[in-house]
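Architecture at a glance
The residues making up each chain are set out below.
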Amino acid sequence: MRKIAMLGVGYVGLVSGTGLADFGNEVICVDIDAEKIRKLKQDVLPIYEPGLLELVQKNVAQGRLSFTTDLKHSIQNSEVIFLALPTPSGPKGEVDLSYVFNAVDTIARVINGFKVIVTKSTVAVGTGDKIRDHLLAQGVSEEMFDVVSNPEFLREGSAVGDFMRPDRVVIGSRSEKALEIMKEIYRSLYLIETPIVATDIHTAEMIKYASNAFLATKISFINEIANICEKVDADVQVVAKAMGLDGRISNKFLHAGPGFGGSCFPKDTLALTKIAEGVGLHATIVEAVIEVNRLQKLRVVDKLLALLPDLKDKVIGILGLAFKPNTDDVRDAPALTVIEEILARGGRIQAYDPEAMDEMRKHFPDIKYVASSYDVMKEADALIILTEWNEFRGMNIDYIKSLMKNPILIDTRNIFDPETVMEKGFRYDCIGRKIENRARITGEQKR
Ligand code: NAD
């Protein structure tokens, strides 16, 4: 059991901190956002993540998990300091490490004994070395710290399960002592025989980018195949299923849709192209993945325009705002692009999401947010489904039609059966599945 400070209580920090406490460690979660800490102290989660509240409550009650805004106290009272801080895209797409180095400055100022400093944030390859150099330059002696890279692979929406039962734990370290401490922290995972990949820091940092870029590649790949399927009268869902039955390919991340979003794939793919650029290389595949994804989001709007060419003063219902189900995260969500494009053409939006409306309000305060899925369709000239929340799957198609002014449905998550919906009189489009008389989409090459 180790004493841990988790810096940052966002999606990664809160889940990791709670999970590490559940593994038996004593964890103090610290954030500069006083509002988040105030909520946590009152048993309110600042994010939506299934199963997390129960785990937080259990570990707080058992005295292993606490929350504070006091960075100095948390750092001084811990042996291991995890950095679960934002690493957004910088102005040129490179990873912005300012949050990480602000925290490292704080550590340099208050360090009072040996600490293992662990980057859980996704950071550029070489950041571990830079943290070390930075601390040395601030006068912290070499014996006072080790730097470790321990990238996180959890997925929002299933983060608790992913953290508690990971496919692997990656630990990049140049120090045996730090490696042993890290292994002890994760000791509970030995019981379920989780592979631990112990490697150097650069390799650990690279594993995270390579993994995310590969998953993003699968998504852009199947979206590209979907677009071709539409033109050659093939069905992408059957194609993906058959591909996925091949063990070398696997069926994961082969769902055609409106493009990937979220806080990781968009920024991490971009950052990887910048890492390559920085060493005189061109990440050709990753650049293509990013471009396919940009076009895929716009393609949703093309599909709408093909069925409803003039959006001026038209009411467009949007079902689903989060970048995927079971999260309230809208960072880089396809909904952002789709809403922006519709508004730019004079359309009006009424939107619903079970969890993400507060987050979306920060981007679009003036669109209409409604209280339930069926309210989205009332008097709508078209309906677009952007997130496949379970509650949308079972909706009554006759009732939807009765509420809408104009039965146009763009099903970007392929949740409805095209034939059934079209038999009911909808003008319908989806992604990559066969439909009769698909409206011709023009202009997609020019964007
Ligand atoms: P987030 O924005 O949700 O949370 C980051 C938190 O850090 C915020 O609450 C912020 O207030 C806090 N913070 C900023 N500066 C601080 C400081 N000096 N001291 C203490 N707290 C501070 O971010 P996130 O989604 O949890 O991502 C964190 C990192 O993990 C990123 O590098 C991300 O790429 C990576 N990651 C994210 C996911 C994911 O699904 N979200 C998955 C794997 C890895």
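Data block above holds the structure.
What comes next concerns the included structure. (Residues numbered from 1 in each chain as written. Predicted model: local features only at pLDDT ≥ 70, side-chain atom pairs only at ≥ 80, totals over all residues. Heavy atoms only, no water.)

This next bit is on helix α8 (residues 176-185). Along an α-helix, residues three or four positions apart point the same way, because every turn accommodates 3.6 residues. Among all positions of α8, only Ala-178, Leu-179, Ile-181, Met-182 and Ile-185 are buried. For α8, the angular spread of buried residues about the axis comes to 160°, placing them on one side. (Buried < 20%, exposed > 50% of the residue type's maximum accessible area, 1.4 Å probe, protein only. Helix = DSSP H or I, 4+ residues; strand = E, 2+ residues; numbered from the N terminus. Arc of directions from axis to C-beta.)

The buried fraction of strand β1 (residues 3-7) is high, at 4 of 5 residues. With 5 bridges connecting them, β1 and strand β2 (residues 26-30) associate as parallel partners. Bridged to Leu-7 within β2 is Val-30. Taken together, the 4 bridges between β1 and strand β4 (residues 80-83) define a ladder with parallel strand orientation. (Pairing = 2+ DSSP bridges.)

This part covers the site of the ligand. Taken together, the neighbourhood of the ligand is formed by 25 residues, with Asp-31, Lys-36, Thr-87, Glu-156 and Lys-267 sitting nearest. Note that an oxygen atom of the ligand is positioned 2.9 Å from one of the backbone N or O atoms of Thr-122. Taking Ser-263, its side chain carries an N or O atom lying 3.2 Å from a nitrogen atom of the ligand. Burial of the ligand by the protein amounts to 92% of the accessible area it has alone, namely 830 Å². Its residues assigned to classes, the shell around the ligand comprises 11 nonpolar, 6 polar and 8 charged. Here the shell around the ligand spans two domains, since at least three of its residues come from each of domain 1 (3-197) and domain 2 (209-287). (Near = heavy atom within 4 Å. Polar contact = N/O pair within 3.5 Å; in protein donor to acceptor, adjacent residues only side chain to side chain. Areas by Shrake-Rupley, 256 points an atom, 1.4 Å probe, with all protein chains shown as cover. Nonpolar A, V, L, I, M, F, W, Y, C, P; charged D, E, K, R; others polar. Domains from an automatic or database assignment.)

It is worth spelling out the pattern of salt bridges at this point. The final tally for this structure, using the stated rule, is 26 salt bridges. As a salt-bridge pair, Glu-152 and Lys-120 come within 2.9 Å of each other at their nearest N and O atoms. Taken together, the positions of Glu-152 in the loop between β6 (145-149) and α7 (159-164) and Lys-120 in the loop between β5 (115-119) and α6 (127-137) put the pair 32 residues apart, joining distant regions of the chain. For Glu-152, a relative accessible area of 10% corresponds to the buried category. Between Lys-378 and Asp-375 there is a salt bridge whose closest N-O contact spans 2.8 Å. By relative accessible area, which is 42% here, Lys-378 ends up partly exposed. (Salt bridge = Lys/Arg side-chain N within 4 Å of Asp/Glu carboxyl O.)

Below, the discussion takes up the packing of helix α10 (residues 201-232) against helix α12 (residues 265-278). It is the contact of α10 with α12, at a shortest axis distance of 9 Å, that shows an interaxial angle of 120°. In terms of crossing hand, the pair formed by α10 and α12 is left-handed. Residues Met-206, Lys-208, Tyr-209, Asn-212, Ala-213, Leu-215, Ala-216 and Ile-219 of α10 form the contact with α12, whose own contacting residues are Phe-265, Asp-268, Thr-269, Ala-271, Leu-272 and Ile-275. The class makeup of the residues in the contact of α10 with α12 is 10 nonpolar, 2 polar and 2 charged. (Axes fitted to C-alpha atoms, helices over the stretch in contact; angles between N-to-C directions. Left-handed = near helix turned anticlockwise from the far one by under 90°. Contact = heavy atoms within 4.5 Å.)

Helix length check: helix α5 (residues 98-110), at 13 residues, gives a terminal C-alpha distance of 19 Å against a target of 18 Å (1.5 Å per residue), a fit within 8%. Within α5 the residues assigned to the buried category are Val-100, Phe-101, Ala-103, Val-104, Thr-106, Ile-107, Ala-108 and Val-110. Tucked inside the fold, the buried residues of α5 contact β1, α4 (71-76), β4, β5 and α6. (Expected span 1.5 Å × (residues − 1).)

Remember that the coordinates give geometry; whether it matters functionally is a separate question.
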